[in-house]
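# Fold and contact review
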Amino acid sequence: MARGKGKSQRKVQKAKLLQATFVSYLVGTSSAFGPLNFGSKSTNNFSKSKPLVSNWFGSQIQAPYTPNGYSSVAKSLNMVVQERTGMFTNTNPENRRVLPISRGEKAYFKVTYVVLESQYQSSITKACQAINSQREDMCVECVGYLLEELRDDKNLAAFKKDCEDSNIFIGSLIFVQELAEKVANVVEPLRDQMDAVVIFPSMPEVMRLNKVGSFSMQSLGQSKSVISDFMKKKKKEDGSSFEEGMLKLLRTLPKVLKYLPSDKAADARNFMMSFQYWLGGSPENLQSLLLNLANEYVEDVKLKGKVKSQDIAEPILLPDKGIWHPVADKVFENADEYMRWYNDVHAPSAGIKQDATVIGLILQKSHINTKDECHYIAMVAELEARGAKVITIYSGGLDFSGPVEEYFMSRGNSRVNTVVNLTGFALVGGPASQDHPKAVATLTKLNVPYLCTVPLVFQSFEEWQSSELGLHPIQVALQVSLPEIDGAIEPIIFAGREGATGRSVPLADRVNLVADRAMKWASLRTKPTSEKKLAVTVFSFPPDKGNVGTAAYLDVFNSIHSVMKKLKSQGYNVGEIPESSEALMDSILNDKEARIDSPEMNVEYRMSVDEYEEMTPYSQDLEENWGKAPGNLNSDGQNLLIYGRKFGNVFIGVQPTFGYEGDPMRLLFSKSASPHHGFAAYYTYLEKIFQADAVLHFGTHGSLEFMPGKQVGMSGACYPDRLINSIPNLYYYAANNPSEATIAKRRSYATTISYLTPPAENAGLYKGLKELGELIGSYQGLRENESRGVSIVNSIVASARQCNLDKDIIDLPSEEDDAKDLVIDQRDMIVGKVYRRLMEIESRLLPCGLHTVGVPPTAEEAIATLVNIAGLDRPEDNIKSLPRIIAESVGREITDIYTNADKGILSDVAMLQKVTEASRAAVRACVERSTNAEGRIEEVNPLGKVFEKISGGSPMKKALSTAGFPSVSDSDLEPLFNYVEFCLKQVVADNELGGLMSALNGEYMLPGPGGDPIRNPDVLPTGKNMHALDPQSIPTKAAVDVAEMVVNRLLERLKNGNEGKYPETVAFTLWGTDNIKTYGESLAQVLALAGVRPVPDALGRVNKLELIPLEELGRPRIDVVVSCSGVFRDLFINQMNLLDRGIKMAAEADEPDDMNYVRKHATEQAKEFGISIRDAATRVFSNAAGSYSANVGLAIENGGWEDEGQLQQQFLTRKGFSFNADKPGMMEQSVDKFQAALKTVDVTFQNLDSSEISLTDVSHYYDSDPTKVVQGLRDDGKKPTSFMADTTTANAQVRTLSETVRLDARTKLLNPKFYEGMLNSGYEGTREITKRLRNTMGWSATAGEVDNFIYEDANDVFIKDEAMRERLLNTNPNAFRDMITTFLEANGRGYWDTSDDNIELLQDLYQEVEDKIEGV
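Computed from a predicted model, the values in this text were never measured in an experiment.

### Structural notes on the overall build of the protein chain
Each helix and strand counted, the protein chain has 59 helices and 41 strands in total. Here the protein chain holds 1416 residues, and 65% of them are scored as buried. Long-range contacts, defined here as pairs at least 24 residues apart, represent 76% of the contacts in the protein chain between residues at least 6 apart. Accessible area for the protein chain stands at about 48800 Å²; split by element, carbon and sulfur atoms hold 47% of it.

### Digging into the side chain of N1134
Along the chain, N1134 turns up in helix α45 (residues 1133-1147). Within the local environment of N1134, its side chain forms a polar contact with the backbone oxygen of P473, the two atoms lying 3.2 Å apart. Apart from residues no more than four positions distant in its own chain, N1134 is found in contact with P473, I474 and A477.

### Here we look at unusual backbone geometry
Residue P630 is bonded to the preceding A629 through a cis peptide linkage, with omega at 10°. When you line up the elements, P630 lands in the loop between α24 (623-626) and β23 (639-647). The amide bond that connects I1034 to the next residue, P1035, takes the cis arrangement and shows omega of 0°. Take P1035: it is sitting in the loop between β31 (1025-1027) and α40 (1037-1056). Positioned with a positive phi, K371 is a non-glycine residue whose angle comes to about 60°. Topologically, K371 is positioned in the loop between α14 (365-369) and α15 (374-385). By relative accessible area, which is 42% here, K371 ends up partly exposed. Of note in this structure, R411 is not a glycine but carries a positive phi near 50°.

### Some thoughts on the sheet that holds strand β5 (residues 107-115)
Strand order across the open sheet formed by 6 strands is β6-β5-β7-β8-β9-β10, with mixed pairing between neighbours. The open sheet terminates on both sides in strands that have one partner only, identified here as β6 (138-146) and β10 (215-216). Bridging between strand β9 (residues 211-212) and β10 involves 2 bridges; their strand directions are antiparallel. Pairing of V212 across the sheet is with F215, part of β10. Packed onto the sheet, helix α11 (residues 283-297) meets β5, β6, β7 (168-172), β8 (196-199) and β9 and runs at close to 140° relative to β7.

### Things to note about the pairing of strand β33 (residues 1092-1096)
Sheet analysis places β33 next to strand β34 (residues 1102-1107), joined by 5 bridges and oriented antiparallel. Looking at β34, one finds that R1093 is bridged to E1106.

### Observations regarding a negative patch on the surface
Where like charges cluster on the molecular surface, the negative patch consists of D1361, E1362, E1366, D1396, D1397, E1400, D1404 and E1408. Those elements that place two or more of their residues in the negative patch are α57 (1362-1371) and α59 (1396-1414). The biggest single contributor to the negative patch is α59, with 5 residues.

### Side note on the pairing of strand β21 (residues 534-538)
Consecutive side chains of a regular strand alternate in pointing toward one face of the sheet and then the other. Of all the 5 residues making up β21, 5 are buried; the element is thus mostly covered by neighbouring parts of the structure. Of the two faces of β21, the one holding L534, V536 and V538 and the one holding A535 and T537 are both buried throughout. The sheet contact formed by β21 and strand β25 (residues 694-698) spans 4 bridges and is parallel. Its bridge partner being in β25, L534 is matched across the sheet by A694. Pairing of β21 with strand β24 (residues 650-654) involves 5 bridges; the strand directions are parallel. Of the residues in β24, the one forming a bridge with L534 is V650.

### Digging into the environment of P720
On the secondary structure map, P720 appears in helix α27 (residues 719-724). Between the C-alpha atoms of P720 and P708, which are 12 residues apart in sequence, the distance is 7.4 Å. Among all residues touching P720, those that are not within four sequence positions of it are L704, E705, M707, P708, M714, R747 and S748.

### Notes on the sheet that holds β25
The strand order across the open sheet formed by 7 strands is β22-β23-β24-β21-β25-β26-β27, and the pairing between neighbours is mixed. Lying at the two open borders of the sheet, with one neighbouring strand each, are β22 (603-608) and β27 (750-755). Looking at each pair of strands side by side, their axes are set apart by 30° on average, direction ignored. The sheet strands contacting helix α26 (residues 677-689) are β21, β22, β23, β24 and β25, and the helix crosses β23 at an angle near 45°.

### Observations regarding the packing of aromatic side chains
If you walk through the whole model with that rule in mind, you get 34 aromatic pairs. Arranged with centres 6.4 Å apart and planes meeting at 45°, the rings of F651 and Y682 form a pair that is tilted. On the criterion of sequence distance, the pair formed by F651 in strand β24 and Y682 in helix α26 is long-range, its members being 31 residues apart. Taken as a pair, F651 and Y682 share a single burial class, namely buried. For the pair F1383 and W1392, a centre-to-centre distance of 5.4 Å together with 55° between the ring planes defines the contact as tilted. The two residues F1383 and W1392 agree in class, both being buried.

### Some remarks on the environment of L150
Examined against the element boundaries, L150 turns out to sit in the loop between β6 and α4 (153-164). A relative accessible area of 0% means that L150 is categorised as buried. C-alpha of L150 to C-alpha of K182: the two residues are 32 residues apart in sequence and 7.7 Å apart in space. When near neighbours in sequence (up to four residues on either side) are disregarded, L150 contacts V114, Y145, N155, L156, F159, L179, K182 and V183.

### Thoughts on the side chain of S410
Positionally, S410 belongs in strand β14 (residues 409-410). Looking at S410, its side chain comes within polar contact range of the side chain of R411, at 3.3 Å.

Conventions used here
Residues numbered from 1 in each chain as written. Predicted model: local features only at pLDDT ≥ 70, side-chain atom pairs only at ≥ 80, totals over all residues. Heavy atoms only, no water. Helix = DSSP H or I, 4+ residues; strand = E, 2+ residues; numbered from the N terminus. Buried < 20%, exposed > 50% of the residue type's maximum accessible area, 1.4 Å probe, protein only. Contact = heavy atoms within 4.5 Å. Areas by Shrake-Rupley, 256 points an atom, 1.4 Å probe, with all protein chains shown as cover. Polar contact = N/O pair within 3.5 Å; in protein donor to acceptor, adjacent residues only side chain to side chain. Pairing = 2+ DSSP bridges. Axes fitted to C-alpha atoms, helices over the stretch in contact; angles between N-to-C directions. Patch = residues over 30% accessible without salt bridge, like charges linked within 9 Å, V, L, I, M, F, W, Y side chains within 5 Å. Salt bridge = Lys/Arg side-chain N within 4 Å of Asp/Glu carboxyl O. Lys, Arg positive; Asp, Glu negative; His and termini not counted. Charge placed at Lys NZ, Arg CZ, Asp CG, Glu CD. Phe/Tyr/Trp six-rings, centres within 6.5 Å; stacked < 30°, edge-to-face > 60°.

In structure tokens form, the structure reads like this:
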């Protein structure tokens, strides 16, 4: 083929396809376009998402964008442009009303319908118009409602009025519980007076409304019937969903009908025929559906109508599954036949090469049936214009696994290079039910990248464009969260819904983006490895502090070194790899002490302002926040600087920071600023100058995914989308942080590769704590010796006070008291309480050191994790915990031992420690069976029948017998240790490097849950594409049970400390990761306090609520103020809806104020603001959409704050956006309501759910702590009590914040096991120690709950010890300088009272370190 000819042919072909798009749109549009602006501007230059149509020559038509929205074309398309009402859907159902041309003496019937999706709207309209224009004997009135429109009270009232005089009601896919209830509440009372009610797959309570003559589904799910038995049988046989079952029922209808009486058979047949017509979807099919129902069941039509059998055509149906192409004259049911047509006929005419990339597209059949396929045509056109072949498949049901295997595979190999699912649904199942394992098995066989894009369903494209939240929460749950569990990536909106007609409109820039990204992923499969370019991106946060290579619990440079060696072994061009990770780091930084704004950082590329502005189309948009380029960040004043270094085809670069970390004014803004020019230049360099085939973001986490933009469903104006653009984004992410990983997946289109957090160890005892433990051991042997025992108790009390345990044991005797005045039981109680505190410290898990990608834990390192895995009951698997088994062997209940130990009863504290040590010994025995000479586990030796074969019992039984529990039987141990063996395999399996190689090879990334591997070992092995969970599945029943226990303990402790009075208001902070790990425990705690019970719907989704009667509750309803993290808001906005509904339900309950504090406060605030009680009961708050955190952490980490007042103002300004379930489409700035609610707070409360991430490991916890904010707002100036729930072990605890800070400091910051483990990691380890000191000071700033001794002891460990000072200075002088600064700042701000000598030493050290950094 002549050069350029193929490209020319593809342009012509694209024109034809886009012409088809235009024709398709015209065919389905009820109003004319009006004057069109035929332009020829390339869609690749679009910066905003616009609807796409085309002229006859294939050039693009875009609706002109103005600051006020889409102007002339929008109006000519009847697109509804409405003011923000707080609803996601603002369309007007009246636009769908079809009225008879003239009624006269004609038979008349009225139809009202409700549908989830809008593609049927045009077909029903055309069907009704045809009846009215073509028939002289009858006429029809028809009106339709989109399900989401029924949230609006006006629409609901109109819907009810329409139903009251309707003959026929039709509903389909009504799967949103709260809206399904509204439909049922309206239709059920009117059902008997209607002539026919036809409901296609929907919630059971709606399906039960079906009435077609004698045919009914009122017993659906309640009793036996031929149809329900058939459906159950099909589900049992092959896991069919309800819709799949109905499709199979259609095919076997004759067999089923023979079991029914003739009249019932006729009615059942009419229902199933109606379903066939509905599935057919075309105007002709729907006209037949309406004529058939009217003729059979509407009395007026039966009397006056003259419907003949030939008037009602048989259903016109496409094959159940097939391959569709917009220019083919038929649907292909055989892949080989399709490929022959494509290769022999279509490809030559389109100029597509025979060896072209092949993209598989998955379509929704209903869009093809209803001729609503222009968005599909546009996608085909864009892919073929890029030279790709396409295979476009559909399925009649919602199980695409069969068609995927049949059409995308040939003789065990994939025909396609990438798959893009354009339906937005999970691969197997629709909005009602899913089979993720089946989907994963299918996609694993196919083994290509799997993208799942999203067509707008509940919003028109304009409503989405103007929404700050972006995609509707229900679509996020159904069409983002669920596909992610299949392993889907990149939920990009590619089509909108035109407001007036409901037809799908391709969004030009989004279609282009999807096509570009699909082609980039495909190229990873086909491009030679030696030619692939990889951009490795590391982070530096906080900036200017020796923090290059920041990532949670990850040894970044050692890990990159491992990756580079792996890449080289796979044939990548990596140039000359430095010999060590230290040398690699030095080559990037030149000097590891370099500041990020220092010329000592290696500059790989200098980008001129002209080049930057030419290559970065949105650069002018950044000037509002940052002025003209180049600015003063990542700049030398003339050029923009790209920091990093190239190694062959691998570039290792340093991502710029937010840029406003140290600016107090910017930190106060309620919404986050755009990226600065240096940030934009970095990603422009990666894509357009370095031309990366993929970027690998290295570790948890960077700034890209937290840039401003919509929550989910990015537009071309959202900064994460603009920055990453077309580059495949791979992201090493900590396995224990699924929530922020999910943000990266949804906002920056990341494919995550999970990595293990460092192996956990028990904190142990050290220094004075160890000596105290030895004293307690001595006491247990001499407790009855009146002389020695008494003396030891006195020593224990003195030593406990020296270790500051008196702050945790309120009734610890003073040093002046003498134990000889106490009886033995009193002495036991004192020792028991001290012992319990020691064991709490000793047994606490802490991650030691930093993880290196690709290095699994040793056998020894795996033991502590497995002990904790074995320490939890798993009733869903019928597995008892090891402590429970051990306790039962001596006739005890482990819960009783926990309870008594918590009280300090010495005998049970000792018993609990004995059980703990026995558990460790048994697990160690299990692990040692598979340990090699080097202390590593290469292969787990299966237990098999080891229990029966080994004389004297298993190694685990022997270990327990030696530990003092000889009565434990192997039969009791077997289920547990089979599970432990499975977990051991997962712990030591390693696919972190393998996962990366798979992604770079353009293969399917196996999905897996993120979270706490102790609670959910399915998190392991790492190296998987991490996902969260179905947001509608929480809180689970187990989470509700744990929540009630925690709430009861909290209230009991609060009552005991407050003269028996309950608190009136509790302020909560909700986190995304915590609720993923615990399946909604903290969410359930909020509801439990207010006396509200979550109830699963018929599909098991938690969408319903009920008030717990006060008689059952037995206490007042506690008011709550909920501050949701930005990540929680993004992932669980449906649960924010649940919370808001629950709290308002409590506020509106007619109950006495002294038994309902929610109502009491809402009534007061309603009077104050002059609003309704319902509006005054606003209690659920978060950031503005697209913004995250209160910026308190940023201010403290970077020293960018003047006083605590600034921090408190930041909290109120940035977190004061309310969620309202009555207006779910917006986060509304409501600082006044936020302050009014916080004024009543008596208690602040947070949850700790994992030993890996505690109070001082991250800044998040104190960033969102409102303790001092509340103190400043309360009329009495009283500081609220602060509590933390700790559910990291089976024995959940509720502690004060100060107790938790002390426990955290003793187990980490002050613990030699922790800081020595960190120092072994060198540069990064020193930074980790400093970070914990800085975060400790954060708690002083926001809550004032840090004891002076913590700073003093830390100063003794890290500053007074000369040898330690030298180690810190030599490993990371910048981090050591930050540590010194933190001590001085803590003193200067009044948080640490210390000697002048200490301050003088710190000041001298600061100057010494500064001189070293500056090279003096």
